[in-house]
Each structure stands twice: as C-alpha cells, then as structure tokens.
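One-letter residues, chain by chain:
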Amino acid sequence: MARTAVSGRLAWRVARLAGFRDETPTARTLVFDLPGWPGHLAGQHVDVRLTAADGYRAQRSYSLAAPADGDRVELTVQRVADGEVSEHLTGPYAIGDPVEVRGPVGGWFVWRPTDPAPVLLIAGGSGIVPLMAMIRARRAAGVRTPFKLIYSLRTPAEQYYADELRKPVAGLDVTYVYTRELPEGRPGIPRRIDVATLNTAGWPAEFGASCFVCGPTGFVETAADILLALGHDPHRIRTERFGPSRD
C-alpha cells in the first residue's frame, strides 16, 4: 500500500490552467485543475515539466502556495531571465493550457495544523511561497496556533500576497524587513535580517517554537545561525533554500 502511494506521487499528471493573478510585475500565482490529485501538506512542493513541439523537455520544482483543496493546486512562479519554465508560465501560458505536474514532494519542511507549538516563519524574497501555504492552512483549519512571520524583501514592489497579508488576522504577527528600499514614509534605513530582528520580532527560544526558514541559500544559513545563537532547538529549525551556498 505504501509503495503504491509513493509511486502515485511520483507519477506525472496533466494539469490545466484554471486561473491566475499577478503578485508582482515579475511573479504570478497560477491555479491549476489537476484531476486525481492526492492532496498535500503545507510546505511541500511539486515538479513541473513542459514539453516543446520538438519533444524537448524542461523541468523545475515549485513550492505549493496554498493548502490542499480537492483537485485545485496553486503555485506562485517568479519569472527568471532566460528561465525555460518560468518565462513560459508567467508569459504566454493561457487558461486551459496543459502542463505536467509530479508530487507532492517533501515531508520534512511541512506544518500540520495538529501541531500546537507556536510557529516562526522567516522568508527571504520568493521564499515566502511555502510559508504562505502554512498561513493559509492555519486559516483553513480554523486553529489558533500563534504565528509570527518575518518577511525580508528588497523593495515594497516585490512583496507577494500584499493584499492578503495586509488584512489583520488574529494570532498572526507580520514583520517586514527591506534590504534596498523602504516603503514611503517609513523611517530608518534599509537593512538585512540580524540578531536584533529575530530577537525582537521572533519567539523567545524557551517557547519551543517550530521555525521554518525559506529563501536564498545565504539568507537561510544566516537566519538559521542566528536562531541557534539565540538558543532555539536545532531539531525545531527547518530550512528550505535555493541558489548556491555562500561557501
């Protein structure tokens, strides 16, 4: 039975675009109809494969942006210059167009609504996507688990899910860190996440929070090192990264 379930997750399925919305000038959320989807946990990702008319194939992995909802799946894709998959998905891809999807993938970087521990989410840029799935899963489950989100981005124009995160939600505290340009009227100077940020905007280590960090490799390594220095349990720090190591 378990072997059958795993093979099902690793099989390619044909999804069709049912809708989309632009998050930023270079990022788009895509909503797919995917018959037979087995469901997923917040934090998991999928593999996406495109096949050209001449048979050439390109494949990339994308985090799921929302909790399971029947046969509906949401991905948020950042357009990358010369990206074989992202430029198509954020450009000429139209309603009804097919794409192959495989998954869900991953079992470590996930949050379950049955976990009562407070949650600290630390996002760098597009690393917000799987963390947003966790925030949405919390809301969908109707639980009151206390959440804190620290969201680092270069400029206000690059924020994903701006309208949704702007709405006050009981038990969800959001802190923004801007590294290049501040919102108009906000005092201070651009800065990066540091010890002071995580010490003041995060949970105290003694609270035993589940910590999820996602973003570029250097960002994730820095944030995880700070959490360890502040005394957080290393077994409760879960990371997901993209890009080269800072080494």
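Residues numbered from 1 in each chain as written. Predicted model: local features only at pLDDT ≥ 70, side-chain atom pairs only at ≥ 80, totals over all residues. Heavy atoms only, no water.

**Here's the deal with the UniProt feature "domain: FAD-binding FR-type" (unreviewed entry) in the protein chain**
Here is step 1: Following the UniProt record, one finds the feature "domain: FAD-binding FR-type" (unreviewed entry) at residues 10-111.
Here is step 2: For residues 10-111, helix accounts for 4% and strand for 48%, while the C-alpha atoms at its two ends are 21 Å apart. (UniProt positions renumbered as here; feature names shortened; annotations may be inferred. Helix = DSSP H or I, 4+ residues; strand = E, 2+ residues; numbered from the N terminus.)

**Some details on the sheet that holds strand β2 (residues 27-33)**
Here is step 1: Read across the open sheet, the 6 strands follow the order β4-β3-β6-β1-β2-β5; overall the sheet is antiparallel. On the outer flanks of this sheet lie β4 (57-63) and β5 (72-78), each paired with one strand and no other. Neighbour-to-neighbour, the strand axes of this sheet turn through a mean angle of 40°, independent of strand direction.
Here is step 2: Relative to strand β6 (residues 98-105), strand β1 (residues 12-24) is paired through 5 bridges, and the arrangement is antiparallel. Each residue of the ladder has a partner; that of A15, found in β6, is V99. (Pairing = 2+ DSSP bridges. Axes fitted to C-alpha atoms, helices over the stretch in contact; angles between N-to-C directions.)

**Topic: the layout of surface pockets**
In this approach a probe as big as a water molecule rolls over the atoms, and the regions it shows empty are the leftover space.
Here is step 1: Here the largest pocket defines a volume of roughly 640 Å³.
Here is step 2: Along the walls of the largest pocket sit 22 residues, with G124, G125, L153, R154 and P216 positioned nearest its centre.
Here is step 3: Only β8 (147-153) and α6 (217-229) provide two or more residues apiece to the lining of the largest pocket.
Here is step 4: Top element by residues in the lining of the largest pocket is α6. It accounts for 3 residues.
Here is step 5: The class makeup of the residues in the lining of the largest pocket is 9 nonpolar, 9 polar and 4 charged.
Here is step 6: Estimates place the volume of the second largest pocket at around 500 Å³. (1 Å grid on protein atoms, 1.4 Å probe; cavity = no way out; pocket = protein on both sides within 12 Å on 5 of 7 lines; lining within 4 Å. Points joined across faces, edges and corners; volume = space filled by probe spheres on them. Nonpolar A, V, L, I, M, F, W, Y, C, P; charged D, E, K, R; others polar.)

**Focus on the packing of aromatic side chains**
Here is step 1: Scanning all chains against the criterion turns up 7 aromatic pairs.
Here is step 2: Residues Y160 and Y161 carry aromatic rings whose centres are separated by 5.8 Å and whose planes lie at 90° to one another, so their mutual orientation is edge-to-face. No difference in accessibility class separates Y160 from Y161, as the two residues are buried.
Here is step 3: By way of ring pairs, the aromatic residues Y151, Y176 and Y178 are connected into one cluster.
Here is step 4: Seen from the ring of W12, R49 lies directly overhead, with NZ or CZ sitting 4.2 Å from the centre. (Phe/Tyr/Trp six-rings, centres within 6.5 Å; stacked < 30°, edge-to-face > 60°. Buried < 20%, exposed > 50% of the residue type's maximum accessible area, 1.4 Å probe, protein only. Lys NZ or Arg CZ within 6 Å of the ring centre and 35° of its normal.)

**Observations regarding the sheet that holds β8**
Here is step 1: Reading across from one edge, β9-β8-β7-β10-β11 is the order of the 5 strands in this open sheet, with parallel pairing throughout. A strand with exactly one partner marks an edge of an open sheet, and here the two such strands are β9 (172-178) and β11 (237-242). This sheet shows a mean twist of 10° between the axes of neighbouring strands, independent of strand direction.
Here is step 2: With 5 bridges joining them, strand β7 (residues 119-124) and strand β10 (residues 210-216) adopt parallel strand pairing. From the neighbouring strand, A123 faces β10, where its bridge partner is C214.
Here is step 3: Packing of α6 onto the sheet brings it into contact with β7, β8, β10 and β11, and relative to β10 it is tilted by some 155°. (Contact = heavy atoms within 4.5 Å.)

**Some points on α6**
Here is step 1: In a regular helix each residue adds 1.5 Å, so 13 residues correspond to 18 Å; α6 covers 18 Å between its end C-alpha atoms and thus fits that length.
Here is step 2: Inspection of α6 places T217, F219, V220, E221, A223, A224, I226 and L227 among the buried residues, and these make up the whole buried set.
Here is step 3: In this fold, the buried residues of α6 make contact with β7, β8, α5 (195-201), β10 and β11.
Here is step 4: Two residues or fewer past α6, G231 is found with a positive phi of approximately 100°. (Expected span 1.5 Å × (residues − 1).)

**A few points about helix α3 (residues 128-141)**
Here is step 1: Helix length check: α3, at 14 residues, gives a terminal C-alpha distance of 20 Å against a target of 20 Å (1.5 Å per residue), a fit within 8%.
Here is step 2: Among all positions in α3, only I128, V129, P130, L131, M132, A133, M134, I135, R136, A137 and R138 are buried.

**Here we look at the confidence of the model for the protein chain**
Here is step 1: Summing up the model confidence of the protein chain, the mean pLDDT is 92 and the portion of residues at 70 or higher is 94%.
Here is step 2: Every residue in residues 1-5 is under pLDDT 50, and counting partners more than four places away or in other chains gives 0 contacts. (pLDDT = per-residue confidence, 0-100.)

**Digging into the pattern of salt bridges**
Here is step 1: What the rule picks out here adds up to 15 salt bridges.
Here is step 2: Between E23 and R21 there is a salt bridge, with the nearest N and O atoms lying 3.5 Å from each other.
Here is step 3: Exposure remark for R21: the relative accessible area of 34% places this residue in the partly exposed category.
Here is step 4: A salt bridge links R154 to E158; the shortest N-O distance between them is 3.0 Å. (Salt bridge = Lys/Arg side-chain N within 4 Å of Asp/Glu carboxyl O.)

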